[in-house]
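Coordinate inspection notes
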Amino acid sequence: MTRLAPRGEGFDPLSRRGFLVASAGAVATFGFARAIEAAMDPAAPHGVPATASGPRFDPTLWFSIDSDGMVTVNIIRAEMGQHVSSAMAQIVAEELEADWDKVRITHVDTDPKWGLMVTGGSWSVWQTFPIFSRAGAAGRMALIEAGAKLLGASPAACSARKGAVAAGGRSITYGEIVRRGALSRQYSADDLAKLPIKPVDQRNLIGKPVAALDIAAKTTGAAIYGIDAKVPGMVYARPKLPPTRNGSKVVSVDDSAARKVKGYLRCITLDDPSDTVPGWVMVIAESYPAAIRAADLVKVSWTAGPGAATSEKDIQDHAAGLIAKPEVGVLLNTGGGDTAAALKAAHTTVERTYTTSTVLHFQLEPLNALAFEKDGVFEIHTGNQWQSLIMPTLAKALGRPESGIVMRTYLLGGGFGRRLNGDYAVPAALAAKALGRPVQMILTRADDARFDSVRSPSVQTLRMGFDAAGKVTAMEHHAAAGWPTLVMAPGFMPKGQGGAPYDPFAISGADHWYEVGAQKVRAISNDLANSTFRPGWLRSVGPGWTNWALESFMDEAARRLSLDPVAFRLKLLNGAGRNAGSAPSAVGGALRQAEVVRRAANRAGWGQALPKDTGLGLATSFGQERDMPTWVACVARVRVDRATGVVTVEKLTNVTDAGAIIDPDGARAQTEGATLWGLSMTLHEGTAFENGQVKDTNLDTYMPLRIADTPDLDISFVDSTEPPVGLGEPATTVVAPAIGNAIFAAVGARLRHIPITPEAVRAALAGGAS
């Protein structure tokens, strides 16, 4: 029997409602819990977890304990291979003093009681730790009190450990306490806020290796992904995609050739009030192979929307033009200072421009969704990272309240930010509504690439000024790209100077922790990008490309002053002023970033002699957001073939300070994966827009990192007692600039565009870049 039982969690209800500890006389249902259990009903789209008969103790909506002592932790975070659900369960189990062998996880379906359902931004552990810690602590206290009564002892004489309460040589299990009951206690929000959690030196599970709770099901094939969802009577759909992402309109549909395909049923031109999928035609068939074949034969004529002739160069030229207009964009609050005056007065200045290409997600499981109406409720069965974002859109598209829609939760065969945008649920729902029967839409690989919410191409210009002694007196960072949050979640945008909103996921990282005197950070929305495609969030979001520019530029600035790049960074990471850091998650500030720089440089052998055409390059970052920094530094060791321009990455050394590590194995796996993703986007991944569409639509031309090109990895973490922060993305942000800086150290060629190609290296060596 596996211990995975998919279900969910909310944002911070403990600050908004009382906390009831009460015994439940019957088994309640949290949402529509899908348990991947041996007892699963194979005829149902979801199974129900096998559970003990009798009472169940629900100390909080986040977990329950049954009469056999099994602890079920409710998870709202999407599970897509990062094992975040195991880390969530560890947090609860630590404070609850649960027996890890009696802990399982359930991923919940949508329900307002869970609050904000989102998995992204490396937020999951950071946001959940205080909530789950105190929930577990409260449950432990209630169990000790109840156990003490049953043992005839005072609560002060009792302790909890591994799912039992003990006193004076006697003990009683949590399961028996639940069976014998009378558990009742009320906690106010203030009470919860004051609950103590364990000192770090008393932790038994956090920071210790444990078996991940989702591995067994994934290994045996019992794990259920969105693409596996099945219900009786369903049909299959493949879309005919219009020539533009926005504004296309169907003129005519000719399905005469498709009618010869066995199993083909009909075509549906979608009417979408939400304007999520304008111009879509859904090809419906009795099987998915039939839908694929029929769709290839259906002929659709469209009137194209904006961007039908737009190229990558058009988008980038427009971005450069926007940067050249000082009145455009939003200035972040960086502490003030007149950078224009400081740069004008500077003894020396340096200015550089950096660019990045369009990047696709290419998650393993293509986008899919199963939709149907049952008992007056529209059910959407799919894997998704941000249910709370797409639910209002589904309501608008279907013309019904959100209370009449539920999203059933499944495992994700890769997300990487693509499934934060749940747009793919809309066409399945509209098709099911039109047909009056269940419809499962599955995109082919090429469809998926064309419909991707890509990482926008970007242009960035940075400037720095120095006085006569070489002290940095001013710095500017101007960044132009498509803004995914503006397009899809404008209410999530914070305010910059003058109250103007900006997309934090298209500028974060530029607001760094270096002491540079007067500082200006300007975020610019590329409106041409926004209208040509739907910009998306891709693993590491803004810092994945802002840090390419920032850390390449820091190297160039250091070399302008003839300083060692590590020494230059350490001098600026002094923790002064606003870079001192603050509680709860940024204690230590820039000094902690300086420490990971030192450690990474030392581990990589910085300053040692290297073979010809081999170099070391370093880059550092704080992950994404200043209020939850994950300090990370990477040193790349590369070898460059001058004749071919081929760059071989021999080793990547990564040092991370993410506060207390919850799950060491999961932390290492996430950091390794993030590091390799960064490498892939540096040397291998990238596409371009041609006539309003990405030119690469399959893995024969879009070439992510292959295992043969995977270098040695040296991954280490700083031992810390500080609160845990995020790990899914930060390592991605430092790889590209570390490699670019290493190439310069090896052969003196400076690259300012990613992906870095052999042709670009040869051109730089020949004098095309300096």
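First, a word on what this report is: a plain description of the structure on this page.

Thresholds applied
Residues numbered from 1 in each chain as written. Predicted model: local features only at pLDDT ≥ 70, side-chain atom pairs only at ≥ 80, totals over all residues. Heavy atoms only, no water. 1 Å grid on protein atoms, 1.4 Å probe; cavity = no way out; pocket = protein on both sides within 12 Å on 5 of 7 lines; lining within 4 Å. Points joined across faces, edges and corners; volume = space filled by probe spheres on them. Nonpolar A, V, L, I, M, F, W, Y, C, P; charged D, E, K, R; others polar. Helix = DSSP H or I, 4+ residues; strand = E, 2+ residues; numbered from the N terminus. Contact = heavy atoms within 4.5 Å. Pairing = 2+ DSSP bridges. Axes fitted to C-alpha atoms, helices over the stretch in contact; angles between N-to-C directions. Core = buried A, V, L, I, M, F, W, Y, C linked by side-chain atoms within 4.5 Å. Buried < 20%, exposed > 50% of the residue type's maximum accessible area, 1.4 Å probe, protein only. Parallel < 35°, antiparallel > 145°, perpendicular 65-115°, else oblique.

Time to look at empty space enclosed by the protein. Unoccupied space between atoms shows up once a probe the size of one water molecule is rolled over them. In the structure shown here, the tally under the stated rule is six cavities of 30 Å³ or more. Estimates place the volume of the largest cavity at around 160 Å³. Around the largest cavity, the lining comprises 18 residues; the ones closest to its centre are T244, R245, R450, F451 and Q693. Its residues placed into classes, the lining of the largest cavity shows ten nonpolar, four polar and four charged. Here the second largest cavity is characterised by a volume of approximately 80 Å³.

Turning our eyes to something else, we now look at the side chain of N579. Position of N579 relative to the elements: it lies in the loop between α15 (565-572) and α16 (590-604). Residues within four places of N579 in sequence aside, it is in contact with H512, W513, Y514, E515, G589, A590 and R626.

Picture the strands of a sheet paired through backbone hydrogen bonds; they go either parallel or antiparallel. Reading across from one edge, β24-β25-β26-β29 is the order of the four strands in this open sheet, with mixed pairing throughout. Every other strand in the sheet has two partners, leaving β24 (614-621) and β29 (712-717) as the edge strands with one partner each. Averaged over all neighbouring strand pairs, the angle between strand axes comes to 15°, with direction disregarded. Examined bridge by bridge, β24 and strand β25 (residues 631-640) share eight bridges and lie antiparallel to one another. Note on β25: the bridge partner recorded for L616 is R637. The sheet contacts of helix α17 (residues 664-683) involve β26 (647-657) and β29, and relative to β29 the element is tilted by about 135°.

Before going further, it helps to spend a moment on the nonpolar core. Within the largest apolar cluster, 63 residues are counted, with the highest numbers of intra-cluster contacts made by M464, V638, I739 and I743. Sort the elements by how many residues they give to this core and helix α18 (residues 732-747) lands first, with nine residues. The next biggest cluster of nonpolar side chains, apart from the first, holds 49 residues, and it includes L61, V71, W100 and L213.

Here the focus is the packing of helix α14 (residues 543-560) against α15. In the contact formed by α14 and α15, the axes pass within 9 Å of each other and the chain directions differ by 105°. As summarised for this structure, α14 and α15 are arranged roughly perpendicular, according to the angle between their axes. Only P565, F568, R569 and L572 of α15 make contact with α14, whose side of the interface consists of E551, M554, D555, A557, A558 and R559. Partitioned by chemical class, the residues of the contact of α14 with α15 number six nonpolar, no polar and four charged.

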